Amino acid sequence: MTDRNVAPRTVLITGCSSGIGEATAARLAQAGWTVYATARKPETLADLATGGCRTLALDVTSEDSMSSAVDTVLSETGRIDALVNNAGYSQSGAVETLDLDDVRRQFETNVFGLLRMCQLVLPSMREQGSGRIVNISSMGGRLVFPGGGAYHATKFAVEALSDAMRFEVAGFGVKVVIVEPGLITTNFENAAVASMEGNDDGPYAEFNAEVAKATKEVYAGPMRRLGGGPDTVAKVIEKSLTTRRPRIRYTVTPSAALSIRSRNLMGARGWDAMLKTQFPQPTGSGPRGD
């Protein structure tokens, strides 16, 4: 059931420069929400501003930027009815080859920024006795593909934090929802592929090259048919915000539903065996453990 006879509500959305965030901001503005669309570079939000969104600079790796954005929304509207934590990106590569500074940056954006945004909006939501937080996870929060260890780790963290918060804030009238997109046809994959460029030697060279190739093929090949565009996710986010009793998790696109179901049915060893048919497994000449 969807609430229809309600006054305009205020939503703050992170990561609106393109893709899911941009589509969600545009859809909610069209539906009558007071939308605060944010991005690190507010000049990327010009089209959303023209479409009726209020735009703000918001860098989820900066405490001052996050605090300032939340304070601005509260001072202008007096309340935040919903937060959509969408900002995030992917990087790929064998775990041993990852630069720890790059991994820390990814956790700052995908996990710590999301957590801090929740902390900043919850006091006002508790005071008003209502609110909704939608955390954008991924099918990658419930399964792992080789070469994606760091990204998957951030999404597993998002799932855990969301599950904990859902219980902790329910008594204050605040609902926490997880949205798990599968293959979404945006430029999301470019960051993952770029993170492996130049990594062309060493024991993981072939593996990293094949992961980059497979990533490109998934987004450009027949698998696209099991995915969807950004508005596919935006529709689900709108539903999660307007349905009186939202689901705990919304899985978006056939690719996500199929992959998660397959992982659950196969178990860890079965999943590993399947992955060996899709990715070259790095090997060496030394002794092998069991």
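This text gives an overview of the structure that appears in the document. Small disclaimer: the values here were computed from a predicted structure and weren't measured.

**Some remarks on empty space enclosed by the protein**
Scanning all chains against the criterion turns up 1 cavity of 30 Å³ or more. Its volume calculated, the largest cavity comes out at about 40 Å³. As for the largest cavity, its lining consists of Asn85, Asn86, Ala87, Asn110, Leu114, Ile136, Lys155 and Val158. Among the residues forming the lining of the largest cavity, the class breakdown is 4 nonpolar, 3 polar and 1 charged.

**What about the packing of aromatic side chains?**
Inspection of the entire model under this criterion finds 2 aromatic pairs. A ring pair is formed by phenylalanine 107 and phenylalanine 112, whose centres lie 6.3 Å apart and whose planes are at 40°; its orientation type is tilted. You can call phenylalanine 107 partly exposed: its relative accessible area is 21%. Judged by relative accessible area, phenylalanine 112 falls into the partly exposed class, the value being 42%. Each ring, one from phenylalanine 145 and one from tryptophan 271, has its centre 5.7 Å from the other, and the planes form 45°; the classification is tilted. Of this pair, phenylalanine 145 sits in the loop between strand E5 (131-136) and helix H5 (149-169) while tryptophan 271 sits in helix H9 (residues 254-276), and the two are 126 residues apart along the sequence. Looking at tryptophan 271, the relative accessible area reads 5%, which means it is buried. Between arginine 126 and the ring centre of phenylalanine 172, over which it is positioned, the NZ or CZ distance is 5.6 Å.

**Some details on the sheet that holds strand E1 (residues 10-13)**
Spatially, 7 strands are ordered E3-E2-E1-E4-E5-E6-E7 in an open sheet, and the strand pairing comes out parallel. The open sheet has two free edges, formed respectively by strand E3 (54-57) and strand E7 (249-252), since each of these has just one partner strand. Averaged over all adjacent pairs, the angle separating strand axes in this sheet is 20°, with direction ignored. Of the strand pairs in this sheet, strand E6 (residues 174-181) and E7 are connected by 4 bridges, and their pairing is parallel. Directly across from glutamate 180, in E7, lies its bridge partner threonine 251. Docked against the sheet, helix H1 (residues 19-30) engages E1, strand E2 (34-39) and E6, running at close to 170° with respect to E1.

**Overview of helix H8 (residues 230-242)**
With 13 residues, H8 extends 19 Å from end C-alpha to end C-alpha; this agrees with the ideal 18 Å at 1.5 Å per step. Among all positions in H8, only Val233, Ala234, Val236, Ile237, Glu238, Ser240, Leu241 and Thr242 are buried.

**Structural notes on the side chain of glutamate 159**
By the element assignment, glutamate 159 lies in helix H5. Polar contacts involving the side chain of glutamate 159 include one to the side chain of arginine 249, which spans 2.9 Å. In contact with glutamate 159, other than residues within four places in its own chain, are Ser137, Ser138, Gly141, Arg142, Ile178, Glu180 and Arg249.

**With respect to the packing of H1 against H8**
For any two helices packed against each other, the geometry is given by the interaxial angle and the distance between the axes. Contact geometry for H1 and H8: axes closest at 8 Å, N-to-C directions at 55°. Comparing the axis directions of H1 and H8 gives the class oblique. Crossing geometry of H1 relative to H8 is assigned as right-handed. Across the interface between the two elements, Gly19, Ile20, Ala23, Thr24, Arg27 and Leu28 of H1 pack against Pro230, Asp231, Val233, Ala234, Lys235, Ile237, Glu238 and Leu241 of H8. Across the contact of H1 with H8, the residue classes tally to 8 nonpolar, 2 polar and 4 charged.

**What about the layout of surface pockets?**
In this approach a probe as big as a water molecule rolls over the atoms, and the regions it shows empty are the leftover space. As a volume, the second largest pocket reaches approximately 360 Å³. Here the lining of the second largest pocket takes 3 residues from H9, the largest share from any one element. Looking at the lining of the second largest pocket residue by residue, the classes come out as 11 nonpolar, 4 polar and 2 charged.

Definitions and cut-offs
- Residues numbered from 1 in each chain as written.
- Predicted model: local features only at pLDDT ≥ 70, side-chain atom pairs only at ≥ 80, totals over all residues.
- Heavy atoms only, no water.
- 1 Å grid on protein atoms, 1.4 Å probe; cavity = no way out; pocket = protein on both sides within 12 Å on 5 of 7 lines; lining within 4 Å.
- Points joined across faces, edges and corners; volume = space filled by probe spheres on them.
- Nonpolar A, V, L, I, M, F, W, Y, C, P; charged D, E, K, R; others polar.
- Phe/Tyr/Trp six-rings, centres within 6.5 Å; stacked < 30°, edge-to-face > 60°.
- Buried < 20%, exposed > 50% of the residue type's maximum accessible area, 1.4 Å probe, protein only.
- Helix = DSSP H or I, 4+ residues; strand = E, 2+ residues; numbered from the N terminus.
- Lys NZ or Arg CZ within 6 Å of the ring centre and 35° of its normal.
- Pairing = 2+ DSSP bridges.
- Axes fitted to C-alpha atoms, helices over the stretch in contact; angles between N-to-C directions.
- Contact = heavy atoms within 4.5 Å.
- Expected span 1.5 Å × (residues − 1).
- Polar contact = N/O pair within 3.5 Å; in protein donor to acceptor, adjacent residues only side chain to side chain.
- Parallel < 35°, antiparallel > 145°, perpendicular 65-115°, else oblique.
- Left-handed = near helix turned anticlockwise from the far one by under 90°.

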